[in-house]
Amino acid sequence: MTDISKSGTFTLGDRAVKRLGYGAMQLAGPGVFGPPKNRNGALAVLREALAAGIDHIDTSDFYGPHITNQLIREALHPYPDDLTIVTKIGAKRGADGSWNRAFSAEELTSAVHDNLRNLGVDALEVVNLRVMFSIHGPAEGSIAAPLTALAGLQRQGLVRHIGLSNVTAKQIAEGSGIAQIICVQNQYNLAHRDDDALIDDLAASGIAYVPFFPLGGFSPLQSTELSDVAARLGATPMQVALAWLLRRAPNILLIPGTSSVEHLRENLAAAELELPQDAMAMLGRIGTKEVSA
Ligand SMILES: NC(=O)c1ccc[n+]([C@@H]2O[C@H](COP(=O)([O-])OP(=O)(O)OC[C@H]3O[C@@H](n4cnc5c(N)ncnc54)[C@H](OP(=O)(O)O)[C@@H]3O)[C@@H](O)[C@H]2O)c1
């Protein structure tokens, strides 16, 4: 079995978590809506994640909705003391599966209570405010009102730590004046490098950066350069993509998603994959104009 502690640790709030974690979104049904096709398979992935040493799981009550958190509770409750479950609020699903902003104090309060109930906990360790000014990536707009509401829930003891998701540098600066921001979760991977400068700024401030879609999301990464490096190292492209993120910056925490135990094991082996400097250089060019992915 892979020793995932080889990925190192980073402090999230007041806990050190391993840099290789797990993202639970893929456990819901197609389109992250409704129940999974293979319920027992979903429970098995969660149990395997913990057995493999994972201590950081990313989720949301709007996955399903409710389904992913209920699966986590069924598979893993009572939770080990060292497991950090990170959730997110700020969206709600329409009856057609659409993703809609849910930013009022009332909606945010009810989302925190949904997460508490469905995860079966008295307090949420980390809650990301998922910003929804645009569904396709960060867009400017004040987050003062929803973040102030979330900070109020933190003062009540329902939320221990706060993060932000799908945000700009300006929103992180605004948010830091309202609450302590311990992590940022934005889209980032080998081929999607908009946050390069932001990652380095957050690293300098000790704030974790948690890329979503680390493997490309619903369209897993494909690139000749990635495949060539993987073949040369005797690894899979997904392992190389994750190993590149681990080397990209020390504050990056990985939450690759999968609904398959086999893919989970494959992904975790990235913790032990060494990338030589020339491979890093070649991979680094995928997301730039020199080579297109
Ligand atoms: N804050 C946000 O707005 C936001 C948005 C999206 C996601 N997230 C979080 O980020 C986590 C990661 O994102 P994600 O799960 O959407 O995308 P991802 O990790 O980039 O990729 C997941 C996709 O890759 C496939 N996959 C995984 N391992 C594989 C392997 N070894 N070989 C081949 N295919 C593989 C999965 O299919 P299989 O199931 O078949 O393995 C799935 O289709 C989510 O689970 C969620 O917790 C947050």
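What comes next is a walk through the structure. (Residues numbered from 1 in each chain as written. Predicted model: local features only at pLDDT ≥ 70, side-chain atom pairs only at ≥ 80, totals over all residues.)

This next bit is on the overall build of the protein chain. Summing up its helical and strand segments, the protein chain has 10 helices and 11 strands in all. Put simply, the protein chain has 293 residues, and 48% of those count as buried. Taking contacts inside the protein chain between residues at least 6 apart in sequence as the whole, the part at least 24 apart equals 73%. (Helix = DSSP H or I, 4+ residues; strand = E, 2+ residues; numbered from the N terminus. Buried ≥ 20, exposed ≤ 12 C-beta atoms within 10 Å, placed from the backbone. Contact = placed C-beta atoms within 7 Å.)

What follows concerns the sheet that holds strand β11 (residues 208-209). If you walk across this open sheet you meet the seven strands as β3-β4-β5-β8-β9-β10-β11, and the pairing is parallel. Of all the strands in the sheet, the pair left with one neighbour each is β3 (22-23) and β11. Taken together, the four bridges between strand β5 (residues 84-89) and strand β8 (residues 124-130) define a ladder with parallel strand orientation. Bridge pairing links K88 to N128 in β8. Across the sheet, helix α4 (residues 144-155) lies against β8 and β9 (159-165), angled at about 160° from β9, the strand it touches most. (Pairing = 2+ DSSP bridges. Axes fitted to C-alpha atoms, helices over the stretch in contact; angles between N-to-C directions.)

This part takes up the nonpolar core. Grouped together as the largest cluster of nonpolar side chains are 87 residues, with contacts concentrated most on L150, A208, L226, V240, A241, L253 and A270. Ranked by residues supplied to this core, first place goes to helix α8 (residues 237-248) with eight residues. Setting aside its immediate chain neighbours within four residues, V240 contacts L226, V229, A230, L233, A235 and L283. (Core = buried A, V, L, I, M, F, W, Y, C linked by C-beta atoms within 7 Å.)

Further remarks concern the environment of L246. Of note, L246 is situated in helix α8. Spatially, the C-alpha atom of L246 lies 9.9 Å from that of L273, the residues being 27 residues apart in sequence. Apart from the residues lying within four places of it in its own chain, the contact partners of L246 are S7, R19, I252, L254 and A270.

The full set close to the ligand counts 27 residues, and G23, M25, L215, G257 and T258 are the nearest of them. Counting residues per element, the shell around the ligand draws most heavily on helix α9 (residues 261-268), at three residues. When grouped by side-chain class, the residues that make up the shell around the ligand number 10 nonpolar, 13 polar and four charged. (Near = placed C-beta within 6 Å. Nonpolar A, V, L, I, M, F, W, Y, C, P; charged D, E, K, R; others polar.)

As a further point, take the pairing of strand β10 (residues 181-185). With five of five residues buried, β10 is to be regarded as a mostly interior element. By the bridge criterion, four bridges tie β9 to β10 in an arrangement that is parallel. Counted as the bridge partner of G163 is C183 from β10. Handedness of the crossover is the feature at issue here: the chain leaves β9, passes through helix α5 (residues 169-176), returns alongside β10, and the resulting connection is right-handed. (Right-handed = clockwise from strand over helix to strand, strands pointing away.)

Attention now goes to the environment of T87. Along the chain, T87 falls in strand β5. Classification of T87 by C-beta neighbours within 10 Å gives buried; the count is 31. For the pair formed by T87 and L119, sequence separation is 32 residues and the distance between their alpha carbons is 9.8 Å. Once residues lying within four places of it in the same chain are set aside, the contact partners of T87 are T59, S60, D61, N115, L124 and V127.

Inspection of the secondary structure puts S223 in the loop between β11 and α7 (224-233). Sequence-wise, S223 and K92 are 131 residues apart; in three dimensions their C-alpha atoms are separated by 34 Å.

The next thing to look at is α4. Each turn of an α-helix holds 3.6 residues, which means side chains three or four residues apart point in the same direction. Between the first and last C-alpha of α4 there are 16 Å, a value that for 12 residues agrees with the 16 Å anticipated at 1.5 Å per step. One or two residues past the end of α4 sits G157, with phi positive at roughly 85°. (Expected span 1.5 Å × (residues − 1).)

Here helix α3 (residues 105-119) contains 15 residues, and its C-alpha end-to-end distance of 21 Å stays within 8% of the 21 Å for a straight helix at 1.5 Å per residue. If you check which residues of α3 are buried, you get L108, A111, V112, N115, N118 and L119. Take α3 and look down its axis: the buried residues cluster within an arc of 140°, on one side only. Among the structural elements, α2 (67-76), β5, β8, α4 and β9 are those in contact with the buried residues of α3. At the C-terminal side of α3, G120 shows a positive phi close to 75°. (Arc of directions from axis to C-beta.)

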